[in-house]
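Take a look at the letters that make up each chain.
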Amino acid sequence: MEKIESSISKNPKMFWSYVKSKKNAGAFPNVMTYNNTSACTGQDISNLFASYFNTTFQQPESNDYNTDTSSGTCFSNYTTSISSVEINPTRVLKLLKSLDLSKSGGPDQIPPIFIVNCATSLAEPVTILFRRSLSEGIVPKIWKSAYVTPIFKKGNKSEIENYRPISKICLFSKVLERIVYTDLYEAVKCNLGDEQHGFLRKRSTTSNLILSHEFISEGMEQHAQVDIIYTDYSKCFDRIDHRVLLQKLLSAGIHGDLYRWFCSYVDNRTQAVVLQGYTSDWASVPSGVPQGSILGPLLFILFISDIKSCFKHSHILLYADDMKILKKVHNNLDTHLLQEDLNRFESYCSLNKLQLNVSKCYHVTYTRKKTLIGTGYSLYGQTINKVNTIRDLGVIFDSKLLFDQHIESIVKKAAKALGFITRMSACFRSIKTIKILYCSFVRSHLEYASQVWNPQYEIYKSRIEAIQKKFLKYLDFKARQYSTDYNHRCHRYHFLPLEYRRFTNDVCFLMNIANGTIDCADLVAKLELRTNQLSLRQRPLLSVPFSSTNYRRNAFFARSTSSFNKLPLELNIDLFCTSARTTRQTLAKQFFQQ
């Protein structure tokens, strides 16, 4: 137990092994079923999983990819152009040494510990292999193979459909992909669009959610109705047509040797399911972006980067394949314009061979009005389901923008997680270890995207704070200490109250927008400086957006700019120069000195 406790911060796998041994989790049932077929041996179960995972792919019309890029007509209208990638031994050596030793090897059976320990000797020959692969436009077959591990999601453990695949590719392939990714990302990032927030540097789910919340609150402030359509694709990453993908890579400015390399990269890929020492038969992967790869996410967002052309009358926000279509509705004409955009979106999906799951697409109307405008929207002749609440990137939005259901949900999750760590840490003696568990599994639930749903009513604040109060009492019990009140416990164990942490998160996120740590032009455009004052060194520095309703008053920019303006001058926090880390330390120091 002492070994498990001391290794939590450095080797969490040992802790999870201990948890699984207590719960008897991770074991597969002796009999698995799929499509009225049962399997009871390891080999048969592996093949059954392989059959199920292979159903997600779609067969291409043709495997003949055009590798002739001499004409250049596909990308002549684009400003970006990339045909090669620089490979040098220094770059390769750095990446080889940075491999994670806790990971296992891929289909080539080469473990990371061998690569890391022999990196200096391997750098030169591996560089030669990488250069030849790129110049000749050929990816070795073994580098296009993947081991697939089934991971249980929910439901009945004996049913194959309740598992999802996790792919593992060769480590040398990952190193080469990392080099290609770095150069390719810099070349094409200007074509990816401001609407996309997934798989992009300096953007996140929080930046996406803040923009959607600002759009909704602005509409409600203007006494308008805001209609949002939340879309859902069927196995989108697995069903990307390779021919269409390669055409879009040409359009994005990828040509020459690099384009021929991508033709080989997506062609003739294979995978096999590995389960408790058994390996299924190898099967081809005829569609989709490679799972478990470094280039896969970038290829996907390049594939759908032109989707914004469908929406001429509405706005869109994307996080990978999660898309929402936003429109302020003032009259029936606005509903017709939104439906026209949806019709163009249908055509786009058909042209690009994307399958929409209309039954999982939802329509939410955000308004303060009792009488709603319009009767609904449709896709492929099916009416889109209308709901009053929706889980958007982990945050529950309701049609009144109250977030009461979201707060109730995260409090329940945090309470369950707190019960879990108190049971698992019953034998632990280190207060530091228990604090690590709390911050990882409990507080993370209570703070995810708090910039979006930060409550303004005391009843919600107290419900959230009650979780940490209970935990600090547990720490008192473990440490055999007695504290007079909550603030005294916070000072004793060096914890900030959750309300104060949300205040700090607001200020730090605002500063990250201002100093470019968050790269989102739409968020920067919402920052307004007070220019009618004699000296910008005096507070207030920022202009607080006007709001006549509680909805708008508690939106991120109205709340965070007001919080920043109230910071004492003696803290020396500069909006553009002070880092978020320094700001957190300064604000924490201010609290503990009180």
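Note that the coordinates shown come from a computational prediction; the quantities given were computed from them, not determined experimentally. (Residues numbered from 1 in each chain as written. Predicted model: local features only at pLDDT ≥ 70, side-chain atom pairs only at ≥ 80, totals over all residues. Heavy atoms only, no water.)

Some points on the environment of Pro107
Okay, so step 1: As for its position among the elements, Pro107 is in the loop between helix H4 (89–97) and helix H5 (112–117).
Okay, so step 2: Relative accessible area serves as the criterion here: at 9%, Pro107 is assigned to the buried category.
Okay, so step 3: Here the alpha-carbon distance between Pro107 and Lys168, two residues 61 residues apart in the chain, equals 8.0 Å.
Okay, so step 4: If sequence neighbours within four positions are ignored, Pro107 has contacts with Ile142, Ser145, Ala146, Tyr147, Lys168, Ile169, Cys170 and Trp282. (Helix = DSSP H or I, 4+ residues; strand = E, 2+ residues; numbered from the N terminus. Buried < 20%, exposed > 50% of the residue type's maximum accessible area, 1.4 Å probe, protein only. Contact = heavy atoms within 4.5 Å.)

Topic: the packing of helix H7 (residues 171–188) against helix H11 (residues 295–303)
Okay, so step 1: Interhelical geometry of H7 versus H11 gives an angle of 25 degrees and a closest axis separation of 10 Å. If you check the angle between H7 and H11, you find them roughly parallel. In the crossing of H7 with H11, the sense of the turn from one axis to the other is left-handed. Seen from H7, the contacting residues are Glu177, Val180, Tyr181, Leu184, Tyr185 and Val188; seen from H11, they are Leu295, Leu298 and Leu302.
Okay, so step 2: Tallied by class, the residues present in the contact of H7 with H11 amount to eight nonpolar, no polar and one charged. (Axes fitted to C-alpha atoms, helices over the stretch in contact; angles between N-to-C directions. Parallel < 35°, antiparallel > 145°, perpendicular 65-115°, else oblique. Left-handed = near helix turned anticlockwise from the far one by under 90°. Nonpolar A, V, L, I, M, F, W, Y, C, P; charged D, E, K, R; others polar.)

A look at unusual backbone geometry
Okay, so step 1: One non-glycine residue with positive phi stands out, namely Asn35, at about 55 degrees.
Okay, so step 2: Inspection of the secondary structure assignment puts Asn35 in the loop between strand E1 (32–34) and strand E2 (37–39).
Okay, so step 3: At Lys235, a residue that is not glycine, the phi angle is positive and equals roughly 45 degrees.

Concerning the layout of surface pockets
In this approach, a probe sized like a water molecule rolls over the atoms, and the result shows the empty space that is left.
Okay, so step 1: Put simply, the largest pocket is a space of about 1,100 Å³.
Okay, so step 2: As for the largest pocket, its lining consists of 35 residues, of which Asp232, Tyr233, Lys235, Phe237 and Asp321 are closest to the centre.
Okay, so step 3: For the lining of the largest pocket, the secondary structure elements donating two or more residues are helix H3 (42–54), strand E4 (163–169), H11, strand E10 (322–329) and strand E15 (389–392).
Okay, so step 4: Of the residues that constitute the lining of the largest pocket, the class distribution is 16 nonpolar, eight polar and eleven charged.
Okay, so step 5: Each pocket or cavity is described by its volume, and for the second largest pocket that value is around 630 Å³.
Okay, so step 6: Looking at the lining of the second largest pocket, the elements that each hand over two or more residues are strand E3 (145–152), E4 and H7. (1 Å grid on protein atoms, 1.4 Å probe; cavity = no way out; pocket = protein on both sides within 12 Å on 5 of 7 lines; lining within 4 Å. Points joined across faces, edges and corners; volume = space filled by probe spheres on them.)

As for the pairing of strand E5 (residues 225–230)
Okay, so step 1: The buried count for E5 comes to six of six residues, which makes it a mostly enclosed element.
Okay, so step 2: In E5, alternate side chains face the same way, and those of Gln225, Asp227 and Ile229 on one face and Val226, Ile228 and Tyr230 on the other are all buried.
Okay, so step 3: Bridging between E5 and E10 involves six bridges; their strand directions are antiparallel. Across the sheet, residue Tyr230 finds its bridge partner in E10, namely Lys324.
Okay, so step 4: With five bridges joining them, E5 and strand E11 (residues 362–366) adopt antiparallel strand pairing. Bridge pairing links Tyr230 to Tyr362 in E11. (Pairing = 2+ DSSP bridges.)

Structural notes on the environment of His406
Okay, so step 1: Following the sequence through the fold, His406 ends up in helix H13 (residues 404–424).
Okay, so step 2: The buried category is assigned to His406, whose relative accessible area is 2%.
Okay, so step 3: In the structure, His406 is positioned 16 residues away from Ile390 in sequence and 9.9 Å away in space, judged by C-alpha atoms.
Okay, so step 4: If sequence neighbours within four positions are ignored, His406 has contacts with Gly394, Val395, Ile396 and Trp453.

Details of H11
Okay, so step 1: Of all nine residues that make up H11, eight are buried, and the element is covered over most of its length.
Okay, so step 2: Among all positions in H11, only Leu295, Gly296, Leu298, Leu299, Phe300, Ile301, Leu302 and Phe303 are buried.
Okay, so step 3: In this structure, the buried residues of H11 make contact with H7, helix H9 (242–251), helix H10 (256–266) and helix H12 (332–351).

Examining the confidence of the model for the chain
Okay, so step 1: Per-residue confidence for the chain gives a mean pLDDT of 89; residues scoring 70 or more make up 95%.
Okay, so step 2: Note that pLDDT drops below 50 for residues 69–77; the model gives that stretch ten contacts with residues more than four away or on any other chain. (pLDDT = per-residue confidence, 0-100.)

Focus on H4
Okay, so step 1: Residues of H4 that are buried: Val92, Leu95 and Leu96. Viewed along the axis of H4, the buried residues span an arc of 100 degrees, placing them on a single side of the element. Facing away from the buried side of H4 by more than 90 degrees, the exposed set consists of Thr90 and Lys94.
Okay, so step 2: The inward-facing, buried residues of H4 contact H5, helix H6 (119–136) and H7. (Arc of directions from axis to C-beta.)

Section: the packing of aromatic side chains
Okay, so step 1: For the coordinates displayed, the defined rule picks out 27 aromatic pairs.
Okay, so step 2: Between the aromatic rings of Phe591 and Phe592, the centroid separation amounts to 5.3 Å while the plane-to-plane angle is 75 degrees, which identifies the pairing as edge-to-face.
Okay, so step 3: What makes Phe591 buried here is its relative accessible area of 7%.
Okay, so step 4: Feature note: the residues Tyr34, Phe49, Tyr52, Phe53, Phe152 and Tyr163 constitute an aromatic cluster, connected by ring pairs.
Okay, so step 5: A cation sits over an aromatic face here: Lys248 above Phe303, 4.4 Å from the ring centre.
Okay, so step 6: A cation sits over an aromatic face here: Lys469 above Tyr486, 5.4 Å from the ring centre. (Phe/Tyr/Trp six-rings, centres within 6.5 Å; stacked < 30°, edge-to-face > 60°. Lys NZ or Arg CZ within 6 Å of the ring centre and 35° of its normal.)

Regarding empty space enclosed by the protein
Okay, so step 1: Tallied over the full model, the rule gives four cavities of 30 Å³ or more.
Okay, so step 2: In this model, the largest cavity occupies a volume close to 170 Å³.
Okay, so step 3: If you list the elements that add at least two residues to the lining of the largest cavity, you get E3, E4 and strand E6 (269–275).
Okay, so step 4: Of the residues contributing to the lining of the largest cavity, the split by class is ten nonpolar, seven polar and three charged.
Okay, so step 5: Considering only enclosed or pocket space, the second largest cavity measures out at about 60 Å³ in volume.

A few points about the sheet that holds E5
Okay, so step 1: Taken in spatial order, the five strands line up as E9-E10-E5-E11-E14 in an open sheet, and their pairing is mixed. Edge positions in the open sheet fall to strand E9 (315–319) and strand E14 (385–386), since each of these has one partner strand only.
Okay, so step 2: Here helix H8 (residues 205–221) sits on the sheet and contacts E5, E9, E10 and E11; the angle it forms with E10, its principal contact strand, is near 15 degrees.
Okay, so step 3: Relative to E10, H12 is tilted by about 155 degrees, and along the sheet it contacts E5 and E10.

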